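# Descriptive structure summary
Residue-level listing of the chains:
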Amino acid sequence: MSALAEAVVDLGAIAGNVRTVAAVTGTDLMAVVKADAFGHGAVPVARAALGAGAGWLGVTSAAEALALRDAGITAPTLSWLHRPDADFAALISADVDVGVSTTTHLHAIVDAAHRVGVPATVQLKVDTGLSRNGASGDDWPELVAWARKYEVEGGVRVRGVWSHLADADVPGSQCLPRQVATFEEALRIARHAGLHPDLVHLANSAAALSAAGTRFDLCRVGLALYGVDPFGASGPGAFGLRPALTLRTTVVNVKRVPAGTGVSYGPEYVTGRATTLALLPLGYADGLPRAAEGRAQVWLGDRRRPIVGRIAMDQCVVDVGDLPVAIGDPVVVFGADDAAPSVTEWARWAGTNPHEILTGIGARVGRHHIHEGAHIS
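This text gives an overview of the structure that appears in the document. (Residues numbered from 1 in each chain as written. Predicted model: local features only at pLDDT ≥ 70, side-chain atom pairs only at ≥ 80, totals over all residues. Heavy atoms only, no water.)

### Regarding the side chain of His-201
The following threshold applies: Counting from the N terminus, the helices are the DSSP runs of H or I reaching at least four residues and the strands are the DSSP runs of E reaching at least two. Counted as a polar contact is a pair of N or O atoms within 3.5 Å, where, for protein atoms, one must be capable of donating a hydrogen and the other of accepting one, and residues adjacent in sequence contribute only when both atoms are in side chains. Only heavy atoms enter the contact rule, under which two residues are in contact if any of them lie within 4.5 Å.
Checked against the element boundaries, His-201 lands in strand E8 (residues 199-201). A distance of 2.7 Å separates polar atoms of two side chains, one belonging to His-201 and the other to Gln-123. Excluding residues within four positions of it along the chain, His-201 makes contact with Met-30, Leu-78, Gln-123, Val-161, Trp-162, Ser-163, Phe-183, Leu-218 and Arg-220.

So, in structure tokens, the structure goes:
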């Protein structure tokens, strides 16, 4: 390990998770690889997911979509969050579907299509209750009317209609059926306006695995792609997903200290007895949230040991008690081993979600991809 810490990404697990989810849904899947594939590496993850049977890729930004194209990935790709002055011409030229939520964006996309000389392929997003992106209320009939006009004129092709769910990961949610009903009404309005989308999609990971009525033609798989149970199971969940990323490092210093020794800034932690402290070269700049202080653990010496004192920018301290520990000993911060802490546990310790923990892994942490051929059937 040349870097101080390393994120090991098992592409075989990515491929296996695609197959696991597809077996449940019976639909095509969109592998969501935004935010550098949740910190896992967008290009290798995309290739593994496509090799395992996913038919689509999903990203947030034009830059992410074009980076996939630059890497030689030609699979159908949807990019869905843009400023109205974005370089839509580049997306159109790269054969990327553009998510559209406002008439302002639609007009700009059509202008770009005229400059490029080919129709833009778009997917119209309706807001069904998340109150973020997507057209809602009277804006939706206006958007579909303009889209139909432009489609007739040859400026766009409307490939899809889609939306996003607010709390599909909450069992028994009353919001879910309301959103499905709103989505179905939006589809009716679009079709009444003369649109005939080939692709209708609503389900995220949680809905894909648990709510058959949300699956339609395609399911967008984000968290489940990376082997994290969307319902919060910290160990093996009900779906057979395999965590794909292991964050690991090594001990860089060891010291024996007496009772009453303060540890890290403050100090907010003082040893209650003679003990051994192990220093890890990972801190909040590398993705260890300070909010997890006092609760977080790592796997060291074949057991879990607590991080003590404040997590600093570049390092943290583990109290190993009387455990024999040496400089260079391996440490798993979180990972695929059932005995080691999971990313879900780290999220719980920090009061956040696994998405934030995974995407927060800093640039100093080296990425190492293994089983790069495991996705090939």
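Next, the rest of the story.
### A few points about empty space enclosed by the protein
Here is the rule: Cavities and pockets are found on a 1 Å grid laid over the protein atoms alone: a cavity is a set of points where a 1.4 Å probe fits but cannot escape, a pocket is an open set with protein on both sides within 12 Å along at least five of seven lines, and a lining residue has an atom within 4 Å of such a point. Grid points are joined across faces, edges and corners, and a volume is the space filled by probe spheres set on the points. Basically, the charged four are Asp, Glu, Lys and Arg, the nonpolar ten are Ala, Val, Leu, Ile, Met, Phe, Trp, Tyr, Cys and Pro, and anything else, Gly included, counts as polar.
Per the stated rule, a full pass over the model turns up one cavity of 30 Å³ or more. In this structure, the largest cavity encloses a volume near 40 Å³. If you go around the largest cavity, the residues you meet are Asn-17, Val-18, Leu-29, Met-30, Ala-31, Ala-54, Val-221 and Leu-225. Here the lining of the largest cavity takes three residues from strand E2 (residues 28-32), the largest share from any one element. Of the residues contributing to the lining of the largest cavity, the split by class is seven nonpolar, one polar and no charged.

### As for helix H4 (residues 62-70)
What counts, and what does not: The buried label goes to any residue with under 20% of its type's maximum accessible area, the exposed label to any with over 50%, and the partly exposed label to all in between, with areas taken from a 1.4 Å probe on protein chains only. Comment: arc refers to directions from the helix axis out to C-beta atoms.
Of the residues making up H4, those classed as buried are Ala-62, Ala-65, Leu-68 and Arg-69. An end-on view of H4 places all buried positions within 130 degrees of arc, on one side of the element. For H4, the exposed residues lying more than 90 degrees away from the buried face are Ala-63 and Asp-70. Those residues of H4 hidden inside the fold are in contact with helix H3 (42-51), strand E3 (56-59), strand E4 (77-79) and helix H5 (88-93). Looking one or two residues beyond H4, the residue adopting positive phi is Gly-72, at roughly 90 degrees.

### Structural notes on the state of the cysteines
Selection criterion: Counting rule for disulfides: a pair of cysteine sulfur atoms within 2.5 Å.
Taken as a whole and judged by the stated rule, the model has zero disulfides. As a non-bridged cysteine, Cys-175 has Cys-219 as the owner of its nearest cysteine sulfur, 18 Å distant. With a relative accessible area of 17%, Cys-175 lands in the buried category.

### Here's the deal with the nonpolar core
Which entries qualify depends on this criterion: Here, nonpolar core refers to any group of buried Ala, Val, Leu, Ile, Met, Phe, Trp, Tyr and Cys residues whose side-chain atoms link them within 4.5 Å.
Of all hydrophobic cores here, the largest spans 119 residues; its most connected members are Leu-124, Trp-140, Phe-334 and Trp-346. Apart from residues lying up to four places away in sequence, Phe-334 is in contact with Leu-245, Thr-246, Leu-247, Pro-341, Ser-342, Val-343, Trp-346, Ile-357, Leu-358 and Ile-361. Core analysis: the next-biggest nonpolar cluster, separate from the first, contains five residues, Val-257, Val-263, Leu-277 and Val-308 among them.

### Some words on the packing of helix H7 (residues 139-153) against helix H8 (residues 175-192)
Test applied: Lines fitted to C-alpha atoms define the axes, with helix axes restricted to the stretch in contact, and inter-axis angles between N-to-C directions lie between 0 and 180 degrees. Each crossing gets its handedness from the near helix: less than a right angle anticlockwise from the far helix is left-handed, clockwise is right-handed.
Between H7 and H8, whose axes approach to 9 Å, the crossing angle comes to 35 degrees. Our pair here, H7 against H8, has a crossing hand that is right-handed. Listed contacts from H8 to Trp-140, Pro-141 and Val-144 of H7 are Ala-186, Ile-189 and Ala-190. A breakdown of the residues in the contact of H7 with H8 according to their chemical character gives six nonpolar, no polar and no charged.

### Re the sheet that holds strand E16 (residues 304-308)
The cut-off we apply is this: Strands pair, by our definition, only if DSSP identifies at least two bridges between them.
Taken in spatial order, the nine strands of this open sheet run E11-E14-E17-E16-E15-E18-E10-E1-E19, and their pairing is mixed. One side of each edge strand has no neighbouring strand; the edge strands of this open sheet are strand E11 (253-257) and strand E19 (366-370). Looking at each pair of strands side by side, their axes are set apart by 35 degrees on average, direction ignored. Across the face of the sheet, helix H1 (residues 11-25) comes into contact with strand E1 (5-10) and E19 while running at roughly 40 degrees to E1.

### Quick notes on the environment of Asp-229
With respect to the helices, strands and loops of the structure, Asp-229 is situated in the loop between strand E9 (218-221) and strand E10 (245-250). Since its relative accessible area comes to 11%, Asp-229 is described here as buried. Contacts of Asp-229, omitting those with residues within four sequence positions, involve Leu-223, Gly-237, Ala-238, Phe-239 and Leu-241.

### Describing the layout of surface pockets
In this structure, the largest pocket spans a volume of roughly 750 Å³. Lining of the largest pocket is provided by 33 residues; of these, Lys-34, Arg-132, His-164, Asn-204 and His-355 occupy positions nearest its centre. For the lining of the largest pocket, the secondary structure elements donating two or more residues are helix H2 (34-38), helix H9 (205-210), helix H10 (343-350) and helix H11 (354-359). In terms of residue count, the dominant contributor to the lining of the largest pocket is H10 (three residues). Across the lining of the largest pocket, the residue classes break down as 14 nonpolar, 11 polar and eight charged. The computed volume of the second largest pocket comes to approximately 350 Å³. As for the second largest pocket, its lining consists of 29 residues, of which Gly-227, Ser-234, Gly-235, Pro-243 and Ser-342 are closest to the centre. Here the lining of the second largest pocket takes three residues from H10, the largest share from any one element. Of the residues that constitute the lining of the second largest pocket, the class distribution is 15 nonpolar, nine polar and five charged.

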